[in-house]
Structures are given as C-alpha cells and as structure tokens.
Amino acid sequence: MRILLIEDETKLAASLKKALTTESYAVDIVNDGESGYETAAVEPYDLIILDLGLPKMDGVTVCQKLRQEKITTPILMLTARDATHNKIQGLDSGADDYLVKPFDFEELLARIRALLRREQVQPEPVLQIDSLRLDPAAHTVTRGDRDIALSAKEYALLEYLMRHPKQILSKTQILEHVWDMDTDPFSNVVDVYIGYLRNKIDRAYPKEPPLIHTVKGLGYKLGNP
Ligand code: CA
C-alpha cells in the first residue's frame with residue numbers, strides 16, 4: 001500500500017515515514033501543498049495523509065482541488081489546531097478522516113487501516129486465497145496451519161497481490177503500489193521479491209498447488225484459475 005504524506009514539518013514527516021515503512025507501507029513525502037496536489041493528481045496512491053497548515057497551498061485547498069479532479073483516494077487530514085471549525089472545514093473539503101496533532105502513532109495506524117478497509121472490495125478483515133491467509137490487523141501470514149515469516153517488503157507485496165486475487169498485475173502496477181518513488185522503474189525488484197515470496201509461500205509447500213503465477217509478458221497473478 002502506497003501512501004503520500006504531505007507535511008511541511010520535515011522532522012515529523014521523516015519519523016512518520018520511518019515508522020510507516022516498518023509497518024510495510026511505501027511512503028513518499030512532499031513538503032508543500034502545491035507539490036502535494038501535483039503529486040497526488042498524477043501518481044496512484046492508496047491513501048493520502050494531508051497536513052492542514054502547509055506552505056504554498058493549504059490542506060483544505062489541496063483536498064478541494066483533488067476532489068474537483070475526481071481523485072477519490074482516501075484522505076486523512078492532520079492539524080495542529082484543535083478547533084471544531086477546522087475539523088468541519090477539513091471534512092467539508094472532502095477529507096475522509098481527521099486527526100489532531102500531537103497524535104498517537106497507533107491511533108494513526110488504526111485510522112489508516114480503517115480508511116484502506118473502506119476502499120477494499122472484500123469486507124472480510126482476513127484475506128484468504130486457498131490455504132493462504134493474511135490477517136492485516138494482526139500482520140500475520142499463514143499457509144495451512146504454519147506461520148510464514150515475511151520481511152516488511154515481502155508482506156507488503158503479498159498483501160497487494162491478495163487484495164487483487166486472480167487479476168493479472170503488471171510489474172509497473174506492483175511497483176507503483178508497493179515501492180516508493182525513489183525506486184528505479186527499470187529495476188528488477190518486483191521479480192526478485194516475487195522470487196522470495198515463491199520460496200516462502202509455494203516452494204515451502206510442495207504438496208499444495210502453487211499460488212503465484214507468472215503471466216508471460218504481462219505480469220503476475222495470485223490464486224488458482
Ligand atoms: Ca504544517
């Protein structure tokens with residue numbers, strides 16, 4: 001899941017990125033409203049965290065402009081000011097949720113998960129394909145009755161695949177949703193990480209049908225036909 005963080009407090013932005021990356025989100029940071037709007041308008045994000053008070057263009061304007069452009073990405077607004085009118089203004093401008101600074105990181109995570117869940121086609125909190133189960137709340141993956149230990153990136157990749165079962169996902173699509181914008185679009189990270197996942201999810205279970213499939217020239221697909 002890829003998150004755009006529009007926040008002018010560089011220290012806060014950096015520490016949030018670090019913490020969210022540990023939770024296996026791919027995070028891009030922009031430090032002013034104008035570049036925030038421009039980035040959010042062209043790049044495919046799964047969620048936008050938007051500070052209210054920003055240089056060049058304030059958060060409310062960014063939000064209004066994105067909604068005018070029919071960009072429906074969930075927006076979580078942040079503000080340092082604990083005033084009811086800011087909250088109303090934020091939600092009126094099209095934000096989906098609102099968090100007052102300083103906030104608890106666990107609270108932020110819970111809000112992010114709730115917003116991403118709303119976007120999901122399947123309402124079930126636990127994702128399951130065949131005997132493979134991924135629990136987004138507990139951050140655990142099991143196949144059959146065995147736990148599978150994954151790195152943050154492997155987990156993020158698997159979660160993205162499991163949220164789009166039986167769909168052919170191109171390497172570009174995967175790269176755009178699981179890696180941040182610093183990643184070289186021509187790198188082979190997707191293939192490398194698909195290889196890691198195959199080892200842990202398919203090759204470790206030789207008696208089970210393989211779940212990760214290569215669709216030649218098009219990309220990858222998770223699940224059986
Ligand atoms: Ca600010």
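Quick caveat: nothing in here was measured; it's all calculated off a predicted structure.

(A) The overall build of the protein, seen in detail. A tally of helices and strands in the protein yields eight helices and eleven strands. Over its C-alpha atoms the protein spans a radius of gyration of 18 Å, differing by no more than 12% from the 17 Å that the globule rule assigns to 225 residues. A buried classification covers 45% of the 225 residues belonging to the protein. Counting contacts in the protein only where the partners sit at least 6 residues apart, residues at least 24 apart contribute 58% of the total. Surface accessibility of the protein: about 11300 Å² in total, with carbon and sulfur atoms responsible for 51%.

(B) Representation of the packing of helix α6 (residues 152–162) against helix α8 (residues 189–203). Between α6 and α8, the shortest axis-to-axis distance is 10 Å and the interhelical angle comes to 85 degrees. As far as their axial angle goes, α8 and α6 are roughly perpendicular. In contact with Lys153, Glu154, Leu157, Leu158 and Leu161 of α6, α8 contributes Tyr193, Ile194, Tyr196, Leu197, Lys200 and Ile201.

(C) Examining the sheet that holds strand β6 (residues 127–129) more closely. Strand order in the open sheet formed by four strands is β6-β7-β8-β9, and the pairing between neighbours is antiparallel. With partners counted over all chains shown, the strands left at the sheet margins are β6 and β9 (146–147), one partner each. Judged from the two bridges that link them, strand β8 (residues 140–143) and β9 form a sheet pairing that is antiparallel. Note on β9: the bridge partner recorded for Arg143 is Arg146. Along the sheet face, α6 touches β6, β7 (132–135) and β8 and points at about 110 degrees away from the line of β7.

(D) Main features of the coordination of the calcium ion. Within the first shell, the calcium ion binds the protein through Asp8 (OD), Asp51 (OD) and Gly53 (O), at distances of 2.1 to 2.3 Å. Mapped onto the polypeptide sequence, the residues donating to the calcium ion form the spacing pattern D-x42-D-x1-G. Taken together, the positions of Asp8 in the loop between β1 (2–6) and α1 (10–22) and Asp51 in strand β3 (residues 47–51) put the pair 43 residues apart, joining distant regions of the chain. Residue Asp8 is classed as partly exposed on the basis of its relative accessible area, which comes to 31%. Residue class for Asp51 comes out buried when judged on its relative accessible area of 3%.

(E) Expanded view of the pairing of strand β4 (residues 75–79). Judged by how many residues are buried, β4 sits mostly within the fold: five of five residues are covered. Both faces of β4 are covered, namely the face carrying Ile75, Met77 and Thr79 and the face carrying Leu76 and Leu78. Here β3 runs beside β4; their pairing, made up of four bridges, is parallel. Note that in β4 the partner of Ile48 across the bridge is Ile75. You can see the chain leave β3, run along helix α3 (residues 59–68) and come back into β4, and the turn it takes is right-handed. Two strands pair when backbone bridges link them, and β4 and strand β5 (residues 97–100) are joined in this way by four bridges, in the parallel orientation. Across the sheet, Leu78 pairs through a bridge with Leu99, a residue of β5.

(F) Region of interest: the domain arrangement of the protein. Examined at the domain level, the protein breaks down into domain 1 (2–118) and domain 2 (127–222). Distance between the C-alpha centres of domain 1 and domain 2: 27 Å. Between domain 1 and domain 2, the residue contacts involve 14 residues of the former and 14 residues of the latter. Taken over both partners, the interface formed by domain 1 and domain 2 buries close to 1100 Å², and the fraction arising from carbon and sulfur atoms is 50%. On the domain 1 side of the contact with domain 2, Arg2, Ser24 and Pro44 bury the most area, a combined 41% of that side's loss. At the junction of domain 1 with domain 2, the criterion picks out one salt bridge. Close ionic contact of Asp180 with Lys17 constitutes a salt bridge, the shortest N to O distance being 3.5 Å. Applying the counting criterion to the domain 1 and domain 2 interface returns six residue pairs in polar contact (both at pLDDT 80 or more). Broken down by secondary-structure element, the contributors of at least two residues to the side of domain 1 that touches domain 2 are α1 and β2 (26–30). Partitioning the side of domain 1 that touches domain 2 into residue classes produces four nonpolar, four polar and six charged.

Rules and cut-offs
- Going along each chain's sequence as written, the residues are numbered from 1 onward.
- Given that this is a predicted model, residues contribute local features only at a pLDDT of at least 70 and side-chain atom pairs are listed and counted only at 80 or more, while totals for whole chains, interfaces and linings are drawn from all residues.
- Only heavy atoms go into the side-chain values, all of them from the structure, while hydrogens and water stay out.
- Working definition: helices are DSSP H or I runs of at least four residues, strands are E runs of at least two. Numbering for both runs from the N terminus.
- Each radius of gyration is computed over the set of C-alpha atoms, and the globule rule expresses the reference value as 2.2 Å times the number of residues to the power 0.38.
- Think of it in three bands: residues with accessible area under 20% of the maximum for their type are buried, residues over 50% are exposed, and the middle band is partly exposed, with areas taken using a 1.4 Å probe on protein chains only.
- We call two residues contacting when some pair of their heavy atoms lies within 4.5 Å.
- Shrake-Rupley sampling with a 1.4 Å probe provides the accessible areas, and residues are treated as covered by the protein chains on show and by no other component.
- Under this scheme, a helix contributes an axis fitted over its contacting stretch, all axes are lines through C-alpha atoms, and angles between N-to-C directions fall in the 0 to 180 degree range.
- In this scheme, roughly parallel covers angles under 35 degrees and roughly antiparallel covers those over 145, while 65 to 115 is roughly perpendicular and the rest are oblique.
- Two strands qualify as a pair provided DSSP detects at least 2 bridges between them.
- Note on donors: an N, O or S atom is included if it sits within 2.8 Å of the metal, or within 3.2 Å for Na, K and Ca, and water is never included, so sites can look incomplete.
- The handedness of a crossover follows from its direction of travel: if, with the strands pointing away from the viewer, the path from the first strand over the helix to the second runs clockwise, the crossover is right-handed.
- Residue ranges labeled as domains rest on an automatic or database domain assignment.
- What gets called buried area is simply the loss in accessible area from a 1.4 Å probe that two parts show on being joined, summed for both.
- The term salt bridge refers to a side-chain nitrogen of Lys or Arg lying within 4 Å of a carboxyl oxygen of Asp or Glu.
- Each polar contact in these results corresponds to two N or O atoms within 3.5 Å; when the atoms are within protein, one needs to be able to donate a hydrogen and the other to accept it, and residues that are neighboring in sequence are counted only if both atoms are side-chain atoms.
- Each residue gets one of three labels, nonpolar for Ala, Val, Leu, Ile, Met, Phe, Trp, Tyr, Cys and Pro, charged for Asp, Glu, Lys and Arg, and polar for the others, Gly among them.

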